[in-house]
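The chain contents come next:
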Amino acid sequence: STANWTVEAWVYTTTLAANQSIGFWSSGASNSWTASHNIDFGIYTTGYLWVEYANATSSPPILTGTIALAINRWYHVAFVYNGTAKTISTFVNGVQDINSVSISTYTPSTTAPRITIGRTDPVVSTPTNIYSGYISNFRWIKGYGLYTSNFTVSTFPLSILGGNISYGSSVK
């Protein structure tokens, strides 16, 4: 697929005792990484952002950021996929963290996805990577790669664009 998309949110992590998912996208009937359509975004126990994506193996590639997030503080995070170049970039408070890394083996789904906020594995009875803290103004925007370089983060609520899924209240 050559579709671009952006995931962004304000996050406030209260502990780094375990890896935590901010958003998970799956279009398969299971959470199997061999489905080639899953992608997960989150924060490691080290405080760095991660991107984990399906590439038809049982050990999906994981990209790790370099900007550490501290607990008990709000951060704006963004994950941007360029469908033409098949790259992913991440941003923390408007500063590019992971810079256009190729994820050429990732194949976005063309079917309706299952989006989960604050945990991984939406189809299992015991979810993993449960987020500890608050997620506010989460949105997943299909068709737009909003950020390509450093930017000034807005202090206003996120606006609605065509094709996005937006949740304006906090999730805990």
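Structure report, in brief. (Residues numbered from 1 in each chain as written. Predicted model: local features only at pLDDT ≥ 70, side-chain atom pairs only at ≥ 80, totals over all residues. Heavy atoms only, no water.)

**Re the overall build of the protein**
For step 1, the next point in the chain: A count of helical and extended segments in the protein gives zero helices and 12 strands.
For step 2, the next point in the chain: Its helices and strands in sequence order give the protein the pattern β-β-β-β-β-β-β-β-β-β-β-β, from N to C terminus.
For step 3, the next point in the chain: Each of the 172 residues in the protein was classed as buried or not, and the buried ones make up 47%.
For step 4, the next point in the chain: In the protein, the proportion of contacts linking residues at least 24 apart, taken out of those at least 6 apart, comes to 62%.
For step 5, the next point in the chain: As displayed, the protein has an accessible area near 7,800 Å², and 53% of this comes from carbon and sulfur atoms. (Helix = DSSP H or I, 4+ residues; strand = E, 2+ residues; numbered from the N terminus. Buried < 20%, exposed > 50% of the residue type's maximum accessible area, 1.4 Å probe, protein only. Contact = heavy atoms within 4.5 Å. Areas by Shrake-Rupley, 256 points an atom, 1.4 Å probe, with all protein chains shown as cover.)

**Focus: the environment of Asn72**
For step 1, the next point in the chain: Mapping Asn72 onto the fold places it in the loop between β5 (62–64) and β6 (74–82).
For step 2, the next point in the chain: In the structure, Asn72 is positioned 60 residues away from Tyr12 in sequence and 6.0 Å away in space, judged by C-alpha atoms.
For step 3, the next point in the chain: Not counting chain neighbours up to four residues away, the residues in contact with Asn72 comprise Tyr12, Thr13 and Thr14.

**Some points on the pairing of β6**
For step 1, the next point in the chain: Of all nine residues in β6, seven are buried; the element is thus mostly enclosed.
For step 2, the next point in the chain: One ladder, built from eight bridges, connects strand β1 (residues 5–13) with β6; its direction is antiparallel. Considered in β6, the bridge of Val7 is made with Phe79.
For step 3, the next point in the chain: Examined bridge by bridge, β6 and strand β7 (residues 87–92) share six bridges and lie antiparallel to one another. In the sheet register, Ala78 faces β7, and the bridge partner there is Phe91.
For step 4, the next point in the chain: Where β6 folds back on β7, the antiparallel hairpin that results is connected by four residues, among which Lys86 adopts a positive phi of roughly 55°. (Pairing = 2+ DSSP bridges.)

**What about unusual backbone geometry?**
For step 1, the next point in the chain: Unlike most non-glycine residues, Asn72 shows phi in positive territory, near 60°.
For step 2, the next point in the chain: In this model, Asn137 sits at a positive phi of 55°, which is unusual for a non-glycine residue.
For step 3, the next point in the chain: Here Asn137 is to be found in strand β11 (residues 133–142).

**Overview of the nonpolar core**
For step 1, the next point in the chain: Within the largest apolar cluster, 24 residues are counted, with the highest numbers of intra-cluster contacts made by Val11, Ile22 and Phe41.
For step 2, the next point in the chain: Counting residues per element, the ones that place at least two in this core are β1, β3 (39–43), β4 (49–53), β6, β7 and β11.
For step 3, the next point in the chain: Counting six residues, the second largest nonpolar core, distinct from the first, contains Ala78, Val80, Phe91 and Phe151. (Core = buried A, V, L, I, M, F, W, Y, C linked by side-chain atoms within 4.5 Å.)

**Things to note about the environment of Ile67**
For step 1, the next point in the chain: Within the secondary structure, Ile67 sits in the loop between β5 and β6.
For step 2, the next point in the chain: In sequence terms Ile67 and Val95 are 28 residues apart; their C-alpha atoms lie 8.9 Å from each other.
For step 3, the next point in the chain: Every residue in contact with Ile67, bar those within four places of it in the chain, is listed here: Gly47, Tyr48, Val92, Val95, Gln96 and Asp97.

**Here's the deal with the side chain of Ser89**
For step 1, the next point in the chain: Mapping Ser89 onto the fold places it in strand β7.
For step 2, the next point in the chain: Of the residues examined, Ser89 reaches a relative accessible area of 7% and is grouped as buried.
For step 3, the next point in the chain: There is a polar contact of 3.3 Å between the side chain of Ser89 and the side chain of Gln96.
For step 4, the next point in the chain: Among residues more than four places away in sequence, those in contact with Ser89 are Ala78, Phe79, Val80, Gln96, Ile98, Asn99 and Ser100. (Polar contact = N/O pair within 3.5 Å; in protein donor to acceptor, adjacent residues only side chain to side chain.)

**Here we look at the packing of aromatic side chains**
For step 1, the next point in the chain: Applying the stated criterion across every chain yields a total of 13 aromatic pairs.
For step 2, the next point in the chain: For the pair Tyr44 and Trp50, a centre-to-centre distance of 5.5 Å together with 40° between the ring planes defines the contact as tilted. As far as burial versus exposure is concerned, Tyr44 and Trp50 are alike and both buried.
For step 3, the next point in the chain: Here the aromatic rings of Tyr147 and Phe151 are separated by 3.7 Å at their centres, their planes lie at 5°, and the arrangement is stacked. In terms of burial, Tyr147 and Phe151 fall into one category: buried. (Phe/Tyr/Trp six-rings, centres within 6.5 Å; stacked < 30°, edge-to-face > 60°.)

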